[in-house]
Structures are given as structure tokens and as C-alpha cells.
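Fold and geometry: a report
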Amino acid sequence: MRTAPVTVVVPCYRCAATIERAVVSVAEQTQRPAELVLVDDASADGTLEVLHALATQYGDWVKIIALPSNRGAASARNAGWDAAAQPFVAFLDSDDAWHPRKVEIQYAYMRDHPEVALSGHLCRQLPHSIKEPPQWELGPWSAQPVTWAGLLVRHAFVTPSVMLRRTIPLRFAEGLRHMEDHRLWLEIINARLPTVKLHVELAAVYKPAYGASGLSADMWSMEKAELANYRHFHDQGKISRLLLMALQCYSLAKFARRLVIVRFLNRT
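Treat the numbers as computed from the prediction; the structure is a model and nothing was measured. (Residues numbered from 1 in each chain as written. Predicted model: local features only at pLDDT ≥ 70, side-chain atom pairs only at ≥ 80, totals over all residues. Heavy atoms only, no water.)

Contact geometry for helix α1 (residues 19-27) and helix α2 (residues 47-58): axes closest at 11 Å, N-to-C directions at 25 degrees. Taken together, α1 and α2 sit at an angle that is classed as roughly parallel. In this structure, α1 meets α2 at a crossing whose hand is right-handed. Contacts between α1 and α2 involve Ile 19, Glu 20, Val 23, Val 24 and Ala 27 on the former and, on the latter, Val 50, Leu 51, Leu 54 and Tyr 58. Residue composition of the contact of α1 with α2, by class: eight nonpolar, no polar and one charged. (Axes fitted to C-alpha atoms, helices over the stretch in contact; angles between N-to-C directions. Helix = DSSP H or I, 4+ residues; strand = E, 2+ residues; numbered from the N terminus. Parallel < 35°, antiparallel > 145°, perpendicular 65-115°, else oblique. Left-handed = near helix turned anticlockwise from the far one by under 90°. Contact = heavy atoms within 4.5 Å. Nonpolar A, V, L, I, M, F, W, Y, C, P; charged D, E, K, R; others polar.)

This is the structure:
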């Protein structure tokens, strides 16, 4: 089997029911990544035992990091990133899965475009009841640069779609439990590290972007985190006070729209 010089990092917290689907989707890649790092975030529910069983099944290809206390996905990803032995790092969440050609396509793009520090791609939402790794036909696709201004107002991609160069001198904000990915992508672009979005669906997510189980269910906490990200960049002198106010108003308007949508869905 062809391998790619990619380390896959999966933060794991109380995910015994979904982690096998995620791991299988990595193992069955047409170009398998060189290593898979599973980071248990002090689950204390049997998740770690499931991870060890998977490591027994797949051998040395799987590495396990067990954090002594719960620190959140940002810190868990950082721990896996710091332990990565390969020049590229890709992130996957324990309740999501990859299309079998994800690594093949995304790694080839990163290899052929050495100036690009980070790439993300589209995802497809599937019902939670589907247990098998995703599979669908892929057509022609394109790549588009992600700009600072564009990322300020719109989240370009989700974390399970991201592949980046291990040597990037930035990390997720330790201890930040909401919108930590959005902050890091903005930090990377602000550091003038080229970032692109591949317009091809190479991953499956199994819950809505908001209003469902998991961290995204805490909508107000996510909203506060987005507002805090804007204040963070304002305090660094990266955005003006006028732009800060405009972004905050726009963010709150989006939040109000989400509330309406969730309440409507809950009534139907």
C-alpha cells in the first residue's frame, strides 16, 4: 500500500461509539498516512480501552497519547501535533470520517504547492445512523486562496478537513474550548502563510454545524468565543475598532438567525 508522509491527529473524548468509524476511514485511504495519533482527553468512560484495542488491531501504525486531565480539543490536537513524526499533519474528529481519497488528493496538492502552509476542503453532512466510512464519486475540483478578510466573516472549512505543514510555528490556543480552530486559521493567514480551500468533498460530518450534540450544541458559548476572537485580533492591533464593531454586529446577526433556525427545527 502506498503511504503518505502525513500524521493524522484525532482528539478523543468519550467517543467509544464513533472512534472505530473514524479510524477505519483513515486506515482505508487509497494512500494511507504514515501514522495515526489518537489523543485521549481524560475520557474516564472506557474510551481509552477502545483506543488500545484499535492499537492492538492496527499495530505500531497507531500511537496513543493519554492526557492526565481534560483540557479540551485544542490542547489534545496540540499534543498530537507536537508528537507528529511526519512533515504534514491532518486533523480528524472522533465522530467524523474521511472519504477514501482524501489523503491522496490533499497530500498531492500540498506536495505540488510547497508555498501552501494549510489547506482545507468541503465536507458532506450524513445521518448519524450511518456506521460505514463514507464513499461517493468525485468530480473535477478547484482550489481557491483563503483571505484574511474572507475568513474574518465566514468560516472557510471545518477542522476535520485541514492538512498543514508540521513546522508551522503556531498552535491552537491552549485551553480554548470553542472556536479555537477559527482563531488558529486566522493566526496562520495573518502570519502570511498561504492557505487554500479545495472545492471537493473529502470528509463526512455526522451532526449539524450548530444546535446538535457536542460542543456545537452550546451555541451561546460558541458565539461568545467568536466575539472573543475578534477582540483578540483587535487587541493585537490587527483590526480597527470600527471593523471590530462591524464584525461583532454581523456575528450577532448570524447568531440570531441560527437561533431561529434551531427553534424552527425543534418544532417540526
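Attention now moves to the pairing of strand β4 (residues 88-91). With burial as the criterion, each face of β4 is covered, one bearing Phe 88 and Ala 90 and the other bearing Val 89 and Phe 91. Bridge count between β4 and strand β8 (residues 163-165): three bridges; the pairing is antiparallel. By the bridge assignment for β8, Phe 88 is matched with Arg 165. (Buried < 20%, exposed > 50% of the residue type's maximum accessible area, 1.4 Å probe, protein only. Pairing = 2+ DSSP bridges.)

Another aspect to go through is the nonpolar core. Counting residues in each nonpolar core, the largest one holds 34 residues, and the members touching the most others are Val 6, Val 8, Val 10, Ile 19, Leu 36, Leu 38 and Trp 98. Elements supplying a minimum of two residues to this core: β1 (3-12), α1, β2 (32-40), α2, β4, α4 (102-112) and β9 (195-205). In contact with Val 10, other than residues within four places in its own chain, are Ile 19, Leu 36, Val 37, Leu 38, Val 39, Leu 92, Asp 93 and Ser 94. By size, the runner-up hydrophobic cluster in this structure holds 32 residues, among which are Leu 151, Ile 189, Ile 239 and Leu 244. (Core = buried A, V, L, I, M, F, W, Y, C linked by side-chain atoms within 4.5 Å.)

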